[in-house]
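A look at the structure
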Amino acid sequence: MSASKWGVLLVLCGAIFLEGIDVAMLNVALPAIRADLGLSTGELQWVMSAYVLGYGGFMLLGGRAADLFGRRRMFLLWLTVFLLFSGLGGFATEGWMLIVARFVTGVAAAFMTPAGLSIITTGFAEGPERNKALLIYSGTAAGGFTIGLVAGGLLTAVGWRWVFFAPVVLSFLILVAALAFVPTSERPDRTGKRVDAAGALTVTSALVLIVLGIERAAHAGFAASAGTLLAGLAFLAAFLLIERRSAEPLVRLGIFRNGSLVRANLSAMLFAAGFFGFQFLVVLYLQELRDWSTLQTSFAMLVIGVDAILSPTLTPRLVNRFGNAKVIFGGLLLAVLSYGLFLPLGADWSYAAMFPSLIVLGLAFSLAYGPLTIVATEGIAEEEQGLAGGLLYTAFQFGAALGLSAVTAVSVAATHAETPAALLDGYRAGLLVPFVAAILAAAVSAFGLRTRRGTGPAPSMGAAAERTDVPVSR
C-alpha cells in the first residue's frame, strides 16, 4: 500500500478504535454509574442500549447518507457530533440525561462508521489489499476494546465521568488527522436521488420497539410486552412495504439475494447479542456479587483483548489457508465453547476458573469479526458499499441491543430476591442467552461452508435484472 493509503487507514482505524474504547470504558463503569445516579438494572441496561439503538437504528440511513452526500463529509461532520455528545454525557446528573446523551452519541457513530468503512472498501482494491486493510481495521477495533477495559477501570477509579470526557480528546485528534489525510473526492451525483426519510423512521421505530418489548418482558407483564413487540413488527412490515414501493429506497431489497451477505449479517447479529450480553453479566457478577473493584474487573476481562493481537496476525493466515467461511464457523464454535464453560458459574469462582472462558472468547472474536466484515462487503457494487457497511453494523448493534435486553429480562425474571444466592441464580439464567445465541450463529454460518473455497459471494447484481435504474459497476 502507498503512504497515502496508510495515512487514510490510520485515520479510519483511529475512528473505529475510538468506538471500541468508548464502549469498553462504559462497560466497566456501569456499576459506579448505577451507584451514583441510583439506577435500576433495567435503567442501567438502557445506558448501554441507548447507544447501540441509536447506532443500529440510524446505521442504514448513515450508510445511505455516505453514498449520497460524500463519505468524507459525513465522516467529519458526525465525528464532530460524536465528540460533543460524548463530552455532554459526563455532565449528566440524572439517568435520563445520560441515556439521551448516549443515544445521540450512538446516532453520530451510525453515520460516522459506515462512512469510514466505505472509504476503505472503495479506496482499497477488492482482494488481498482490501482484506488486509479490513483485518487491520477490525484488529484496531479490538485493540480499542482492550485498552478501553483498562482505561475504563483507571478512569472510573478517579470518577466515572472521566469515561465520557476522555474520548473527547481522542475524537479531536482523529478529527485533525482526518482533515489532513482523508482526501476529498468528487461530490456524488444526487440527480433524481433522495433520502428515504419514511424508511429511516419506520426501521428505527421497529428496532427500538422490538428491543423495548424484550426488555419489558421481565417487569411489564405479558400484554404490555407483547403489544410493544407487535408494534415493532408492524413498523418493520411498514418499512419493508415502503422499501418495496420506493423509487429510491433506504435499503434496496434486492441486495438480500446475496446469500453471503445475509449469512454474514445474521451471524453478526447473533454473535453480537451473545458477546455484549455476556460482558454485561460478567461485569455485574464481578463487581456487585463479588465486590471486585472496577480496576480488578478491567484486568480480569483484559484477556478477551487477545483478539487485538490475533486479528491482524493469526486471522489473515487462517483466512488465506481455509477461507472466510471456515474461519468464521470456527470462531463461532469457540464462542459456544466459551459461554458453555461459564454456565456453571459459582458464587466464589477463582479467576483461574473464569480464565478459559475469557481467553477462548477473545480467540472467537478474532476469528469471527474481521472475516464477517469481509464477507458482508465483498462482491457489492461500489455505489452500495455504504449500504453494505450500514447493514453489517446495524446487525452488530441491533444484536447487541437484543442481547443486552434479553439477558436483562431473563436475569431479572430469575432473580426473586436481593440475596447473593438469588442474584447468582439470575446471572446463571441470563448466561443461557449468549450460549443459545452463539449456537444459532454457528448454525447460520454453517450454510456458508457449502461454498467452495476461493469462490466469492454472489455479486450484487440481482436488482439490476429487475430494476434498470440501479447502476452496477465492476
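Residues numbered from 1 in each chain as written. Predicted model: local features only at pLDDT ≥ 70, side-chain atom pairs only at ≥ 80, totals over all residues. Heavy atoms only, no water.

Secondary structure assignment for the chain yields 18 helices and 0 strands. For a compact globule of 474 residues, the expected C-alpha radius of gyration is about 23 Å, and the chain comes in at 21 Å, within 12% of that figure. In terms of overall dimensions, the chain has a C-alpha envelope of 65 × 45 × 45 Å along the principal axes. For the chain, with 474 residues in total, the buried portion stands at 59%. If you take every contact in the chain between residues at least 6 apart in sequence, the share linking residues at least 24 apart comes to 83%. In the structure as shown, the chain presents an accessible area of about 18100 Å², 69% of it carried by carbon and sulfur atoms. Within the chain, the 26 negative side-chain charges are centred at a point lying 9 Å from the centre of the 30 positive side-chain charges. (Helix = DSSP H or I, 4+ residues; strand = E, 2+ residues; numbered from the N terminus. Rg over C-alpha atoms; globule rule 2.2 N^0.38 Å. Buried < 20%, exposed > 50% of the residue type's maximum accessible area, 1.4 Å probe, protein only. Contact = heavy atoms within 4.5 Å. Areas by Shrake-Rupley, 256 points an atom, 1.4 Å probe, with all protein chains shown as cover. Lys, Arg positive; Asp, Glu negative; His and termini not counted. Charge placed at Lys NZ, Arg CZ, Asp CG, Glu CD.)

Averaged over all residues, the pLDDT of the chain equals 84, while 91% of them reach at least 70. Below pLDDT 50 for its whole length, residues 452–474 participates in 45 contacts with residues either more than four positions away or in separate chains. (pLDDT = per-residue confidence, 0-100.)

In this section: the pattern of salt bridges. Applying the stated criterion across every chain yields a total of 4 salt bridges. Measuring nitrogen to oxygen at the nearest pair gives 2.7 Å for the salt bridge that ties Glu288 to Arg34. Of the two residues, Glu288 is situated in helix H9 (residues 259–289) and Arg34 in helix H1 (residues 3–37); the sequence distance between them amounts to 254 residues. Residue class for Glu288 comes out partly exposed when judged on its relative accessible area of 28%. Residue classification places Arg34 among the buried residues on the basis of a relative accessible area of 16%. (Salt bridge = Lys/Arg side-chain N within 4 Å of Asp/Glu carboxyl O.)

With respect to the helices and strands, the residue Arg72 is situated in helix H3 (residues 71–89). Residue classification places Arg72 among the buried residues on the basis of a relative accessible area of 18%. Setting aside its immediate chain neighbours within four residues, Arg72 contacts Ile119, Ala178, Leu179, Val182, Pro183 and Thr184.

Time to look at the packing of aromatic side chains. Summed over the entire model, instances satisfying the criterion amount to 18 aromatic pairs. Seen from their ring centres, Tyr369 and Phe396 are 5.1 Å apart, and the 50° between their planes marks the pair as tilted. Taken together, the residues span a long stretch of sequence, with Tyr369 in helix H14 (residues 351–377) and Phe396 in helix H15 (residues 385–414) at a distance of 27 residues. In this pair, the class of Tyr369 matches that of Phe396, namely buried. An aromatic cluster of at least three residues, connected via ring pairs, comprises Phe271, Phe275, Phe276, Phe365, Tyr369, Tyr393 and Phe396. Lying across the ring of Phe124, Lys5 places its NZ or CZ 5.5 Å from the centre. (Phe/Tyr/Trp six-rings, centres within 6.5 Å; stacked < 30°, edge-to-face > 60°. Lys NZ or Arg CZ within 6 Å of the ring centre and 35° of its normal.)

Looking at the element boundaries, Phe275 is found in helix H9. Each residue touching Phe275, except ones within four places of it in the same chain, is listed here: Ile304, Tyr339, Leu361 and Phe365.

Here the focus is the packing of helix H4 (residues 95–123) against helix H5 (residues 128–158). Relative to each other, H4 and H5 sit at 150°, their axes nearing to 9 Å. The orientation of H4 relative to H5 falls into the category roughly antiparallel. Contacts between H4 and H5 pair Thr113, Gly116, Leu117, Ile120 and Thr121 from the former with Arg130, Ala133, Leu134 and Tyr137 from the latter. For the contact of H4 with H5, the per-class residue count stands at 5 nonpolar, 3 polar and 1 charged. (Axes fitted to C-alpha atoms, helices over the stretch in contact; angles between N-to-C directions. Parallel < 35°, antiparallel > 145°, perpendicular 65-115°, else oblique. Nonpolar A, V, L, I, M, F, W, Y, C, P; charged D, E, K, R; others polar.)

Attention now moves to H15. Along its 30 residues, H15 runs 43 Å from first to last C-alpha, staying within 8% of the 44 Å computed at 1.5 Å per residue. Across the 30 residues of H15, 26 count as buried, placing the element largely inside the fold. (Expected span 1.5 Å × (residues − 1).)

Bringing the nonpolar core into the picture now. Of all hydrophobic cores here, the largest spans 144 residues; its most connected members are Ile33, Phe75, Tyr285 and Tyr393. Tallying contributions element by element places H1 first for this core, with 19 residues. With residues up to four places along the chain from it excluded, the contact list for Tyr285 reads Arg290, Leu345, Gly346, Ala347, Asp348, Trp349, Met354, Leu424 and Tyr427. (Core = buried A, V, L, I, M, F, W, Y, C linked by side-chain atoms within 4.5 Å.)

Moving on, we get to the environment of Leu404. Looking at the element boundaries, Leu404 is found in helix H15. On the accessibility criterion, Leu404 (0% relative accessible area) is buried. For the pair Leu404 and Ala353, spaced 51 residues apart in sequence, the C-alpha separation works out to 24 Å. Excluding anything up to four places from it in sequence, Leu404 contacts Gln45, Met48, Ser49, Val52, Phe276 and Phe280.

A positive phi is found at Asp291, a non-glycine position, where the angle reads about 60°. Looking at Asp291, the relative accessible area reads 62%, which means it is exposed.

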